[in-house]
Amino acid sequence: MQAAKQAVALAAIEHVKPGTILGVGSGSTVNEFIDALASRKIELAGAVASSEATSARLQAHGYDILDLNSCGSLELYIDGADEANPELQLIKGGGGALTREKIIAAASQHFICIADDSKLVKVLGEFSLPVEVIPMARSYVAREIVKLGADPEYREGKRTDNGNEIIDCHGFSIDDPLTLESTINNITGVVSNGLFAAKPANLLLLSDENGNVRTITPTP
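None of these values were measured; they are calculated from a predicted model. (Residues numbered from 1 in each chain as written. Predicted model: local features only at pLDDT ≥ 70, side-chain atom pairs only at ≥ 80, totals over all residues. Heavy atoms only, no water.)

A. Expanded view of the pairing of strand β2 (residues 46-49). Going residue by residue along β2, you find Gly-46 and Val-48 tucked away on one face and Ala-47 and Ala-49 tucked away on the opposite face as well. Pairing between strand β1 (residues 21-24) and β2: 4 bridges, direction parallel. Following the sheet pairing, Val-24 is matched in β2 by Ala-49. With respect to chirality, the unit in which β1 leads through helix α2 (residues 28-39) into the neighbouring parallel β2 is right-handed. (Buried < 20%, exposed > 50% of the residue type's maximum accessible area, 1.4 Å probe, protein only. Helix = DSSP H or I, 4+ residues; strand = E, 2+ residues; numbered from the N terminus. Pairing = 2+ DSSP bridges. Right-handed = clockwise from strand over helix to strand, strands pointing away.)

Have a look at this one:
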């Protein structure tokens with residue numbers, strides 16, 4: 001799927017206005033986007049990164065990393081997804097950066113999601129749903145997740161850039177992403193979860209293995 005990632009990364013470049021501050025997500029497809037930014041010599045006023053790994057890659061290409069607190073609202077955020085439905089609600093966080101990704105998405109006027117076409121599904125939930133938790137609350141949160149009908153699995157050896165832990169929730173069939181996002185977030189000890197339903201993507205760029213890119217807008 002490397003060709004698909006490269007093609008959709010190049011398509012996303014067309015939406016970037018030179019000289020702006022850009023929100024940048026994380027993951028393998030976003031890495032292709034960062035490399036494409038550099039190869040096309042797109043100048044930015046700076047970037048707000050969702051992970052330490054993204055910061056390092058951007059800095060290696062000469063881009064300045066800015067603190068979101070000093071930037072105000074961002075015009076554009078580019079990120080990938082583990083799953084997307086026709087309403088452009090997403091599951092994100094396979095790499096563990098879900099909370100920072102969610103913060104930057106919320107602070108951005110426009111959110112473009114880039115992915116290969118295997119990520120588009122009718123119903124979210126085949127991909128496990130990550131939940132970032134305060135370490136001391138991990139077992140309690142897991143028990144509450146079981147009550148919601150899923151099988152929680154502690155992601156051993158993984159600490160987020162915020163110093164927290166991840167529970168991956170298997171077995172959800174997410175017919176109502178908005179409600180489930182809120183329900184999980186209301187469990188004491190949860191920092192955030194990987195459902196992007198309250199703040200879905202505004203645009204989804206998908207590419208197939210031959211590099212053909214299509215644009216998906218939310219189903220009315």
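B. Here's a closer look at the pattern of salt bridges. Counted according to the given criterion, the structure contains 11 salt bridges. Across the pair Glu-52 and Arg-100 runs a salt bridge, and its minimum N-O distance is 3.1 Å. Highlighted residues: Glu-52 in helix α3 (residues 52-60) and Arg-100 in helix α4 (residues 98-106), separated in sequence by 48 residues. When its relative accessible area of 24% is taken as the criterion, Arg-100 is described as partly exposed. The shortest N-O distance in the salt bridge between Asp-79 and Lys-92 comes to 2.7 Å. Of the two residues, Asp-79 sits in strand β3 (residues 74-79) while Lys-92 sits in the loop between β5 (90-91) and α4, which places them 13 residues apart along the sequence. As far as burial versus exposure is concerned, Asp-79 and Lys-92 are alike and both buried. When salt bridges with common partners are traced through the structure, they connect Asp-79, Lys-92 and Glu-101 into a single cluster. (Salt bridge = Lys/Arg side-chain N within 4 Å of Asp/Glu carboxyl O.)

C. Examining the sheet that holds strand β12 (residues 203-207) more closely. Read from one edge to the other, the open sheet built from 6 strands follows the order β2-β1-β3-β6-β12-β13, with strand pairing classed as mixed. The sheet terminates laterally at β2 and β13 (213-216), the two strands that pair on one side only. Across this sheet, the average inter-strand angle for adjacent strands is 25°, counted without regard to direction. In this structure, strand β6 (residues 108-116) lies alongside β12, joined through 5 bridges in parallel fashion. Opposite Ile-114, over in β12, you have Leu-205 as the bridge partner. (Axes fitted to C-alpha atoms, helices over the stretch in contact; angles between N-to-C directions.)

D. Main features of the packing of aromatic side chains. By the definition in use, this model includes 2 aromatic pairs. Consider the rings of Tyr-77 and Phe-111, whose centres lie 5.1 Å apart with planes at 40°: the pair is tilted. Note that Tyr-77 is positioned in strand β3 and Phe-111 in strand β6, a separation of 34 residues in sequence. The class for Tyr-77 is buried, based on a relative accessible area of 0%. Three or more aromatic residues joined by ring pairs form one cluster here, namely Tyr-77, Phe-111 and Phe-196. Of note, Lys-102 hangs over the ring of Phe-196, and the distance from its end group to the ring centre comes to 5.1 Å. Its guanidinium or amino end placed over the ring of Tyr-154, Arg-138 lies 4.0 Å from that ring's centre, counting from NZ or CZ. (Phe/Tyr/Trp six-rings, centres within 6.5 Å; stacked < 30°, edge-to-face > 60°. Lys NZ or Arg CZ within 6 Å of the ring centre and 35° of its normal.)

E. The arrangement of the sheet that holds strand β8 (residues 151-154) in detail. With antiparallel pairing, the 4 strands of this open sheet are ordered in space as β8-β9-β7-β10. At either end of the open sheet lies a strand with only one pairing partner, and these are β8 and β10 (190-193). Neighbour-to-neighbour, the strand axes of this sheet turn through a mean angle of 30°, independent of strand direction. Bridge count between β8 and strand β9 (residues 165-170): 4 bridges; the pairing is antiparallel. Paired with Tyr-154 across the bridge in β9 is Ile-167. Sheet strands in contact with α4 are β7 (129-133), β9 and β10, and its direction is about 70° off that of β10. Packing against the sheet, helix α5 (residues 138-147) makes contact with β7, β8, β9 and β10, and its axis sits at approximately 15° to β9. (Contact = heavy atoms within 4.5 Å.)

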